[in-house]
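Structure assessment
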Amino acid sequence: MISVAIDGPSGAGKSSISKTVAKKLGFIHVDTGALYRALAYTFIKNGINLGDEISIENLLKTTNVKIKHINGVQSVFVNDENITGSIRTEEVSMGASNISKMPIIRSFLLGLQRQIAAENNVIMDGRDIGTVVLPNADVKIFLTASPQKRAERRYKELLEKNENIVYNDIIEDIIKRDYQDEHREIAPLKPAEDSVLVDTSDLNFDESVQKITEVIEAKI
Ligand code: DC
C-alpha cells in the first residue's frame, strides 16, 4: 500500500487539498484531525472537563471511534453514531487541540490510523503523521501558510456561512492552537526530517493541488 503523510498547522488547507488530490490519484483521504475532534466532542457532550484525565480514561473504555468513506467522503462515527456534522465548531477545535496533548488520547487513536494505512492507499493528514503515525510513509509533505493567510481564509469561509465572527478572534485562535500543537511534549507539530515543505501563502487552491500532486508523483 502507498501512503502519503501531509502534516501542518490548522487552516493551511491540508484537508481540502488532500481530499482533492486523493480523488485524482484514486487513494482514500483520511483527515485524522476529525478523530481528535470526535473525542473532544464526545467528552464535551458528556459534560466532562477536558482537563479531567480520569473521567476521560473511564469514558474511553466504552468509546469506539470509526471512520467510513461514503462516496469518497470521510465520516466519523462514535459508538455507531455519525457525528461528522457536529465537530467543526470553534469549541470542538480548541477542545481537540487541548486533549491531543494527552498520551492516553494519542495512543487510543494510533492503532486505528495505522490500520487504515495498512489496508488502503492513503493520503493521511494531521500533525504527526510523517513523524509518528507513519514514519515509513512513501511521501511526506509539510503544508503550511502564514497565520495571517490562514486566518483570512477561515474568516472568508465563516462569512460565507453567515457566521457572526470577528477576524481578530480567528487569528488569536490560530496562533494559540499553533503554539499548543507545536509545544506539546508528545508528537508535537513539526516537519519530519525527510518531508517536502510546501507553503501555500501565495498559492490559490488549484495551484496548491497542482503542487502537491507534483510532489507526490515525483516520489511514487
Ligand atoms: O486538523 P484539525 O484542525 O481538524 O485538528 C484538530 C486538533 O487535533 C489539532 O489542533 C491538534 C489535534 N491533532 C493532532 O494532535 N494530531 C493529528 N494528527 C491531527 C490533529
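Residues numbered from 1 in each chain as written. Predicted model: local features only at pLDDT ≥ 70, side-chain atom pairs only at ≥ 80, totals over all residues. Heavy atoms only, no water.

With respect to the environment of Val 21
With respect to the helices and strands, Val 21 occurs in helix α1 (residues 14-25). Once residues within four sequence positions are removed from consideration, Val 21 is found in contact with Ile 123, Val 209, Ile 212, Thr 213 and Ile 216. (Helix = DSSP H or I, 4+ residues; strand = E, 2+ residues; numbered from the N terminus. Contact = heavy atoms within 4.5 Å.)

Overview of the packing of α1 against helix α9 (residues 205-219)
Interaxial distance between α1 and α9 falls to 9 Å at its minimum, and their mutual angle equals 55°. In terms of orientation, α1 and α9 fall into the oblique class. Classified by chirality, the crossing of α9 by α1 is right-handed. Contact residues: α1 offers Ser 16, Ile 17, Thr 20, Val 21, Lys 24 and Leu 25, while α9 offers Phe 205, Ser 208, Val 209, Gln 210, Ile 212, Thr 213, Ile 216 and Glu 217. Each residue belonging to the contact of α1 with α9 can be placed in one class, and the counts come to seven nonpolar, five polar and two charged. (Axes fitted to C-alpha atoms, helices over the stretch in contact; angles between N-to-C directions. Parallel < 35°, antiparallel > 145°, perpendicular 65-115°, else oblique. Left-handed = near helix turned anticlockwise from the far one by under 90°. Nonpolar A, V, L, I, M, F, W, Y, C, P; charged D, E, K, R; others polar.)

Regarding the nonpolar core
Within the largest apolar cluster, 36 residues are counted, with the highest numbers of intra-cluster contacts made by Leu 39, Phe 43, Ile 56, Val 76, Ile 99, Ile 105 and Met 124. The element best represented in this core is helix α2 (residues 33-45), accounting for eight residues. Aside from chain neighbours lying at most four places away, what touches Leu 39 is Leu 60, Thr 63, Val 65, Ile 99, Ile 105, Phe 108 and Leu 109. Counting residues in each nonpolar core, the second largest holds 15 residues, with Val 4, Ile 6, Val 139 and Val 215 among its members. (Core = buried A, V, L, I, M, F, W, Y, C linked by side-chain atoms within 4.5 Å. Buried < 20%, exposed > 50% of the residue type's maximum accessible area, 1.4 Å probe, protein only.)

Here's the deal with the environment of Asn 162
Topologically, Asn 162 is positioned in the loop between α7 (147-160) and α8 (167-183). Distance in space between the C-alpha atoms of Asn 162 and Phe 205 is 22 Å, their sequence separation being 43 residues.

Looking at unusual backbone geometry
Although it is not a glycine, Asn 71 adopts a positive phi angle of roughly 50°. Within the secondary structure, Asn 71 sits in the loop between β3 (65-70) and β4 (73-78). Using a relative accessible area of 77% as the deciding quantity, one classes Asn 71 as exposed.

Topic: the site of the ligand
Near the ligand, the surroundings consist of 16 residues, among which Arg 37, Arg 106, Arg 127, Arg 177 and Asp 181 are the closest. A distance of 2.8 Å separates an oxygen atom of the ligand from a polar side-chain atom of Arg 106. In the environment of the ligand, a nitrogen atom lies 3.0 Å from a nitrogen or oxygen atom belonging to the side chain of Asp 128. Relative to its unbound accessible area of 450 Å², the ligand is 96% covered by the protein chains. Split into classes, the residues belonging to the shell around the ligand amount to three nonpolar, five polar and eight charged. (Near = heavy atom within 4 Å. Polar contact = N/O pair within 3.5 Å; in protein donor to acceptor, adjacent residues only side chain to side chain. Areas by Shrake-Rupley, 256 points an atom, 1.4 Å probe, with all protein chains shown as cover.)

Describing the pattern of salt bridges
Opposite charge on two side chains permits them to pair, given that their charged atoms come into close proximity. As enumerated under the stated definition, the model contains 10 salt bridges in all. With its nearest N and O atoms 3.3 Å apart, the salt bridge here joins Lys 66 to Asp 80. With Lys 66 in strand β3 and Asp 80 in the loop between β4 and β5 (81-82), this residue pair connects regions lying 14 residues apart in the sequence. Put simply, Glu 157 and Arg 154 hold a salt bridge, and the shortest N to O gap is 2.8 Å. Of this pair, Glu 157 and Arg 154 both sit in helix α7, three residues apart, which is roughly one turn of that helix. One connected set of salt bridges, linked through shared partners, spans Glu 90, Arg 154 and Glu 157. (Salt bridge = Lys/Arg side-chain N within 4 Å of Asp/Glu carboxyl O.)

Quick look at the side chain of Asp 7
With respect to the helices and strands, Asp 7 occurs in strand β1 (residues 3-7). Although Asp 7 is buried, it forms no salt bridge, and the closest oppositely charged side chain is Arg 127 at an N-O distance of 6.9 Å. For Asp 7, the side chain forms a polar contact with the main-chain nitrogen of Arg 127, separated by 3.2 Å. When sequence neighbours within four positions are dropped, the list of residues in contact with Asp 7 reads Lys 14, Gly 126, Arg 127, Asp 128, Ile 129, Gly 130, Thr 131, Ile 141, Phe 142 and Leu 143. (Lys, Arg positive; Asp, Glu negative; His and termini not counted.)

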